[in-house]
Amino acid sequence: MKAAIANWQSGAETADDVAARIKAHPVQGAPDEMRAAFAALFDDGPEGEALTLNGVDCIAHGTGPTALWFHGGGYVFGSPETHARAAHHLADAAGLRVVLPRYRLAPEHVWPAPLEDGCAVIDACSDPVVLIGDSAGGHLALNLALRRPGRIRALALISPNTDRRGRSTTRKANNTRDLMNTHRDDVCLARIAMPDHDPKDPDVSPVLADLSRLPPTFVTAATNEVLLGDALLLITALGRAGVPVTAEVAQGLWHMWPLWPDAMPEAARTLEQIAGFVDRHGGTIDR
């Protein structure tokens, strides 16, 4: 672990170092403990530009057309700071202004508070935007695209939560392979963030929603992660709904891998795939 810390501080970190840090900082305990442990997985990234959109504090990176990135963390942890380095990398690769909203978190603010904050941010943007989200942030971005049809130019989802009915075959099969997530942890976070919600509610399981008005959508997940099945269920549903969909499955990686682009070539590659997708489809808004 000492070598991993030295590499982190020197900027020479590798995927093995990231894996060692994840194992050393399990994201467990009370919400404040989870927030601190998750934050400890990331070094200090670029500061970005602070701004407020319709009362929601945000951090922006880069210049160009606006992309809103809703961070993951089960609606309980995560922040613009934890996702700063990945957002900055994407902004450079895609020529975008990537904005990270600081939406409200549970248990202080349960669903639909994140949805309300996301809608407020979209409504503050004068032009149609690109939506990006990872994990729970992917769930949020998907719900926002469904709430604001015609306002979204393109949608990019990294390992989104999409189905709470128990249809996925990887939630348990990958339980010991995913460094960043377990089925039990994912279920516990959902109970904190969305208490008393029906798994058949499209807000909870957006794979059940009418997806036909979504813009071109990029979906990616990794072979070793618990949420691979959620992504695959969504890809199938998008195809049936006639939505143009681009799908990528990363080999041998864990949940949230794109957040370490400086240490992992695979993370940088995924962000550059998203950049290429946005470049190809970002102008299409009429569905």
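Just so we're clear, the structure is a prediction, and the values are computed from it rather than from any experiment. (Residues numbered from 1 in each chain as written. Predicted model: local features only at pLDDT ≥ 70, side-chain atom pairs only at ≥ 80, totals over all residues. Heavy atoms only, no water.)

### Things to note about the packing of helix H4 (residues 84–94) against helix H10 (residues 265–281)
- Between H4 and H10, the shortest axis-to-axis distance is 9 Å and the interhelical angle comes to 45°. The angle between the axes of H4 and H10 places the two elements in the oblique class. By crossing handedness, the relation of H4 to H10 is classed as right-handed. Residues Ala86, His89, Leu90, Ala93 and Ala94 of H4 form the contact with H10, whose own contacting residues are Ala268, Leu271, Glu272, Ile274 and Ala275.
- Class assignment of the residues belonging to the contact of H4 with H10 gives a composition of eight nonpolar, one polar and one charged. (Axes fitted to C-alpha atoms, helices over the stretch in contact; angles between N-to-C directions. Helix = DSSP H or I, 4+ residues; strand = E, 2+ residues; numbered from the N terminus. Parallel < 35°, antiparallel > 145°, perpendicular 65-115°, else oblique. Left-handed = near helix turned anticlockwise from the far one by under 90°. Contact = heavy atoms within 4.5 Å. Nonpolar A, V, L, I, M, F, W, Y, C, P; charged D, E, K, R; others polar.)

### A look at the layout of surface pockets
- Empty space within the largest pocket amounts to approximately 530 Å³.
- If you list the elements that add at least two residues to the lining of the largest pocket, you get helix H2 (15–24), helix H3 (31–39), helix H6 (136–147) and helix H8 (183–193).
- Broken down by element, the lining of the largest pocket gets its largest block of residues, six residues, from H8.
- Looking at side-chain class alone, the lining of the largest pocket contains 17 nonpolar, 11 polar and five charged residues.
- One number sums up the size of the second largest pocket: a volume of about 290 Å³. (1 Å grid on protein atoms, 1.4 Å probe; cavity = no way out; pocket = protein on both sides within 12 Å on 5 of 7 lines; lining within 4 Å. Points joined across faces, edges and corners; volume = space filled by probe spheres on them.)

### Observations concerning the pairing of strand S6 (residues 152–158)
- Extensive coverage of S6 is indicated by the burial of seven of its seven residues.
- In this sheet, S6 lies alongside strand S5 (residues 129–134) in parallel orientation, the contact comprising six bridges. Each residue of the ladder has a partner; that of Asp134, found in S6, is Ile158.
- Regarding topology, H6 serves as the crossover connection from S5 to the parallel S6, and that connection is right-handed.
- Sheet topology note: the S6/strand S7 (residues 217–222) ladder contains four bridges and is parallel. The residue bridging Leu155 from the neighbouring strand is Thr217, located in S7. (Buried < 20%, exposed > 50% of the residue type's maximum accessible area, 1.4 Å probe, protein only. Pairing = 2+ DSSP bridges. Right-handed = clockwise from strand over helix to strand, strands pointing away.)

### Regarding the side chain of Asp230
- Here Asp230 is to be found in helix H9 (residues 228–241).
- In this structure Asp230 comes out as buried when scored by relative accessible area, which is 0%.
- Once residues within four sequence positions are removed from consideration, Asp230 is found in contact with Pro160, Asn161, Thr162, Asp163, Ser168 and Arg171.

### Some points on the pattern of salt bridges
- Following the criterion strictly, the structure yields 15 salt bridges and no others.
- Two residues, Arg35 and Asp32, come together in a salt bridge whose shortest N-O distance is 3.4 Å. Of this pair, Arg35 and Asp32 both sit in helix H3, separated by three residues, roughly a single helical turn.
- Using a relative accessible area of 22% as the deciding quantity, one classes Arg35 as partly exposed.
- For Asp32, a relative accessible area of 56% corresponds to the exposed category.
- The shortest N-O distance in the salt bridge between Glu108 and Arg35 comes to 2.8 Å. Separated by 73 residues along the polypeptide, Glu108 in the loop between strand S4 (97–101) and helix H5 (113–124) and Arg35 in helix H3 bring together distant segments of the chain.
- Under the relative-accessibility criterion, Glu108 is labelled partly exposed at 48%.
- Within this structure, Arg164, Arg171, Asp186 and Asp230 form a network of salt bridges that share partners. (Salt bridge = Lys/Arg side-chain N within 4 Å of Asp/Glu carboxyl O.)

### Let's talk about unusual backbone geometry
- That bond from Ala106 to Pro107 is cis: its omega, 5°, falls within 30 degrees of zero.
- With respect to the secondary-structure elements, Pro107 resides in the loop between S4 and H5.
- Residue Tyr75 is not a glycine yet carries a positive backbone phi of 65°.
- Tracing the backbone shows Tyr75 in the loop between strand S3 (66–70) and H4.
- Phi at Ser159 takes a positive value of approximately 50°, unusual for a residue other than glycine.
- When you line up the elements, Ser159 lands in the loop between S6 and helix H7 (170–173).

### Digging into H3
- Every buried residue belonging to H3 is among Met34, Ala37 and Phe38, and all of these are buried. All buried residues of H3 project into a common sector of 95° when viewed along the axis, lining one side.
- Of the surrounding secondary structure, the elements contacted by the buried residues of H3 are H8. (Arc of directions from axis to C-beta.)

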